[in-house]
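Fold and geometry: a report
So you can see what is in the structure, the chains are spelled out below.
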Amino acid sequence: MFTVIGNAWALLLGMMFLMVGNGMQGTLMGVRGALEGFSTFELSLITSAYFLGFLGGSRLAPDFIRRVGHVRVFAALGSMVSAALILYPAMTNPIAWIGLRVLVGFCFSGLYVTAESWLNNAATNDTRGQTLSVYMMVQMFGIIAAQGLLNVADPAGWMLFVIPSVLVSISFAPILLSVAPTPSFDTTKSMGLLELYRQSPLGFVGMFLLGSVFAAQFGMSAVYATQIGMSVGQISIFISAIFVGAMLLQYPIGFLSDRMDRRVLIIGVAMLGALAAAMGWLFSGQFWALCVSAFLLGGMSNPLYALLIAYTNDYLEPDDMAAASGGFLFVNGLGAVGGPILIGWIMTQFGPGGFWSVIIVLMLAIAGYGVYRMTRRSSAYAAEAEAYDPTPYAPVTSAGMAIAAEVAQDYYSDLDDDEDENWSAVQGWDGETDPDTPSERDPS
């Protein structure tokens, strides 16, 4: 791990500043919007606008990078983000904020693609798994630190908009001055959505529903907390609890993932997520109970993203994994665009408790569909535990872009290749005759 940090500290530091800036403005929108008198539905549209821009940027940013290069794209998009963050308090109108959020989402997607391309280029086959883990921790630390910065100034003023603008600008320095060479950029090959669904219906549907849950955590949680009367300090603790849970429970769930039927674990994690949301709904007047609920919800929903990817990879060839990750990011983004609108409408009709109600339904839907799929398809989990040889779980989250997901898929592929080489050596395969298929190999 120290080797990874030593080789890529500048990139990781830049990414941390980016995550602090993005995490801070994501929460601030809900708090400041409520102070400006925006309705819950208007705030939901503003939240969705970010994910709409992010989704569009993820498709277009790679073309920009191929045309003019990483450095120019990073500088251009970063300058627009800094300008947009300053304009929020000067243009306190829902329509203006929707437009700015689309722009910010679009630009952040390009920034992530650029920075993560460098990070992936800095990783080697031996350090890719550690790089992925360190990157995930940097993401989570940045978002958690962002919530603490909400307490340094009045959300009704300018300062809290200036801080993320400055942080985004500072993030340029370590990345653009990094001694790491500018990487070549290759677009991940695509996999049609229909083909992705055929490969893994549970992964496809689960990713779509999970996108709405993530959007609720990132944007609508601050709206909910404001509506029930939390102070700014309480809001920062409440939202931090979501990401602390995501960081701490990722590895225990990953440990179980490699040792049991993943569909059973997906169903169980989704059920626990629904239970955590139900606890938030029942104890909406008790702050610390809400924090515990947020901790458990984040600890279930974020590992669920990696679980669905790992489960799908059990049925894919290594060459198809990167294409599947790109498709999953798009499907997850579609769910993220629609989720806040649904939650905003439910909260308008039924009050703040609608925030938890929608999450309960979404998590139960994932669990229910998982149960249904168990009746339609045999499991990759063998009858005997020692015969089960799953694709290793990697702690990737939805916070990054396609490049970060591709790091995970490269890690999967490397491990798979290593296993193939070891198996071939044990069996004495000369590389010319056709080996048995993986399912036919002797697990002993």
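What you see is a predicted model, and the numbers here were worked out from it, not measured in a lab.

Let us look at the overall build of the chain. Check the secondary structure of the chain and you find 14 helices and zero strands. Looking at the chain residue by residue over its 444 residues, the buried ones come to 56%. Put simply, of all contacts in the chain between residues at least 6 apart along the chain, 86% involve residues at least 24 apart. Summed over all atoms, the accessible surface of the chain reaches about 17,700 Å², with 63% contributed by carbon and sulfur.

Moving on, we come to the packing of helix α10 (residues 262-282) against helix α13 (residues 354-374). In the contact formed by α10 and α13, the axes pass within 8 Å of each other and the chain directions differ by 160°. One element, α10, and the other, α13, form an angle in the roughly antiparallel class. Seen from above, α10 lies across α13 with left-handed handedness. Looking at the contact of α10 with α13 residue by residue, the classes come out as 19 nonpolar, four polar and two charged.

Moving on to the nonpolar core. In terms of nonpolar packing, the biggest core is built from 119 residues, with Phe-108, Phe-238, Leu-304 and Phe-355 touching the most fellow members. Looking at this core element by element, the count peaks at 15 residues for helix α8 (residues 201-227). Filtering out sequence-adjacent residues up to four positions away, Phe-108 remains in contact with Leu-18, Asn-22, Gln-25, Tyr-50, Phe-54, Val-81 and Val-168.

Looking at the element boundaries, Thr-92 is found in the loop between α3 (70-87) and α4 (94-122). Owing to a relative accessible area of 33%, Thr-92 belongs among the partly exposed residues under this scheme. Note: C-alpha distance between Thr-92 and Phe-38 (54 residues apart in sequence) is 9.3 Å. Ignoring anything within four residues of it in the chain, the contact list for Thr-92 reads Arg-32, Glu-36, Phe-38 and Trp-97.

This brings us to the side chain of Thr-40. Mapped onto the fold, Thr-40 is located in helix α2 (residues 40-68). Contact partners of Thr-40, with chain neighbours within four places excluded, come to Met-220, Val-223, Gln-227, Gly-344, Met-347 and Thr-348.

Under the counting rule described, the total for this entry stands at one salt bridge. With a shortest N-O distance of 2.8 Å, Arg-32 and Glu-36 are connected by a salt bridge. Judged by relative accessible area, Arg-32 falls into the buried class, the value being 5%.

Turning our attention to the environment of Ala-289. Mapping Ala-289 onto the fold places it in helix α11 (residues 287-313). In this structure, the C-alpha to C-alpha distance between Ala-289 and Met-279, residues 10 residues apart in sequence, is 7.8 Å. For Ala-289, the contacting residues outside a window of four places in its chain are Met-279 and Phe-283.

Residues with a pLDDT of 70 or more make up 75% of the chain, whose mean pLDDT is 79. Segment residues 382-388: pLDDT under 50, and 11 contacts once partners within four positions in sequence are set aside and those in other chains are kept. pLDDT under 50 marks residues 400-404. Its contacts with residues more than four places away, or in other chains, come to 21 contacts.

Criteria and cut-off values
Residues numbered from 1 in each chain as written. Predicted model: local features only at pLDDT ≥ 70, side-chain atom pairs only at ≥ 80, totals over all residues. Heavy atoms only, no water. Helix = DSSP H or I, 4+ residues; strand = E, 2+ residues; numbered from the N terminus. Buried < 20%, exposed > 50% of the residue type's maximum accessible area, 1.4 Å probe, protein only. Contact = heavy atoms within 4.5 Å. Areas by Shrake-Rupley, 256 points an atom, 1.4 Å probe, with all protein chains shown as cover. Axes fitted to C-alpha atoms, helices over the stretch in contact; angles between N-to-C directions. Parallel < 35°, antiparallel > 145°, perpendicular 65-115°, else oblique. Left-handed = near helix turned anticlockwise from the far one by under 90°. Nonpolar A, V, L, I, M, F, W, Y, C, P; charged D, E, K, R; others polar. Core = buried A, V, L, I, M, F, W, Y, C linked by side-chain atoms within 4.5 Å. Salt bridge = Lys/Arg side-chain N within 4 Å of Asp/Glu carboxyl O. pLDDT = per-residue confidence, 0-100.

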